[in-house]
Amino acid sequence: MHFALVCLGGAVGTGARYLLGGVAIRWLGGEFPYGTLLVNVIGSFLIGLVQELAGAAVVHENVRVVLAVGVLGGFTTYSAFAYESLRLAASGSWGPAVLYVGLTTVLCFAACLLGIGAARLVAG
């Protein structure tokens with residue numbers, strides 16, 4: 001049953017990533033991988049929140065597995081981050097490549113910490 005729920009959650013997360021990526025391209029342009037940056041930062045916040053709430057027994061283990069492994073596993077994407085970073089560098093856009101790697105790392109860590117903090121507020 002967990003397997004089926006994780007797969008279903010992954011489909012939801014993948015669809016959400018696709019939609020957010022499209023919105024980012026329309027609003028911000030396609031020269032910089034804003035969509036992947038956004039999904040990874042949002043996903044980092046949410047995984048910090050979900051995992052911490054689960055650790056405080058606010059979120060049931062089954063819900064944690066579906067959200068953290070399924071939905072957020074399908075939503076966030078390290079492989080796209082790696083490819084887009086290398087694509088920027090290969091095209092000679094070293095400044096944007098370094099900026100993207102730095103922003104992704106710092107913002108995702110910060111977002112995850114914020115998610116953990118939010119969960120601690122909720123859980124008491």
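Residues numbered from 1 in each chain as written. Predicted model: local features only at pLDDT ≥ 70, side-chain atom pairs only at ≥ 80, totals over all residues. Heavy atoms only, no water.

A. Representation of the overall build of the protein chain within the structure. Along its length, the protein chain carries 5 helices and 0 strands. Listed by position from the N terminus, the elements making up the protein chain come as α-α-α-α-α. Taken along its principal axes, the extent of the C-alpha atoms in the protein chain is 50 × 30 × 25 Å. A total of 124 residues make up the protein chain; the buried ones form 35% of that total. Within the protein chain, contacts between residues at least 6 apart in sequence are counted, and of these 73% link residues at least 24 apart. On the protein chain, roughly 7200 Å² of surface is accessible, and the fraction owed to carbon and sulfur atoms is 74%. Across the protein chain, 5 positive and 4 negative side-chain charges occur, with their mean positions spaced 3 Å apart. (Helix = DSSP H or I, 4+ residues; strand = E, 2+ residues; numbered from the N terminus. Buried < 20%, exposed > 50% of the residue type's maximum accessible area, 1.4 Å probe, protein only. Contact = heavy atoms within 4.5 Å. Areas by Shrake-Rupley, 256 points an atom, 1.4 Å probe, with all protein chains shown as cover. Lys, Arg positive; Asp, Glu negative; His and termini not counted. Charge placed at Lys NZ, Arg CZ, Asp CG, Glu CD.)

B. Main features of the layout of surface pockets. Space inside the largest pocket adds up to approximately 230 Å³. A breakdown of the residues in the lining of the largest pocket according to their chemical character gives 8 nonpolar, 6 polar and 3 charged. Estimates place the volume of the second largest pocket at around 150 Å³. Along the walls of the second largest pocket sit Asn40, Ser44, Thr76, Thr77, Tyr78, Phe81, Thr104, Thr105, Cys108 and Phe109, which together make up its complete lining. Those elements giving two or more residues to the lining of the second largest pocket turn out to be helix H2 (34–55), helix H4 (78–90) and helix H5 (94–123). Per-element tally for the lining of the second largest pocket: the top contributor is H5, with 4 residues. For the lining of the second largest pocket, the per-class residue count stands at 4 nonpolar, 6 polar and no charged. (1 Å grid on protein atoms, 1.4 Å probe; cavity = no way out; pocket = protein on both sides within 12 Å on 5 of 7 lines; lining within 4 Å. Points joined across faces, edges and corners; volume = space filled by probe spheres on them. Nonpolar A, V, L, I, M, F, W, Y, C, P; charged D, E, K, R; others polar.)

C. Looking closely at the nonpolar core. In terms of nonpolar packing, the biggest core is built from 10 residues, these being Phe32, Leu37, Val41, Phe81, Leu88, Ala89, Ala97, Tyr100, Cys108 and Ala111. Mapped onto this core, the elements with two or more residues apiece are H2, H4 and H5. With 4 residues, the top contributor of residues to this core is H5. Discounting chain neighbours no more than four positions away, the residues touching Ala89 are Trp94 and Ala97. One finds Leu49, Leu53, Ala54 and Ala119 within the second-largest nonpolar core, a separate group that totals 5 residues. (Core = buried A, V, L, I, M, F, W, Y, C linked by side-chain atoms within 4.5 Å.)

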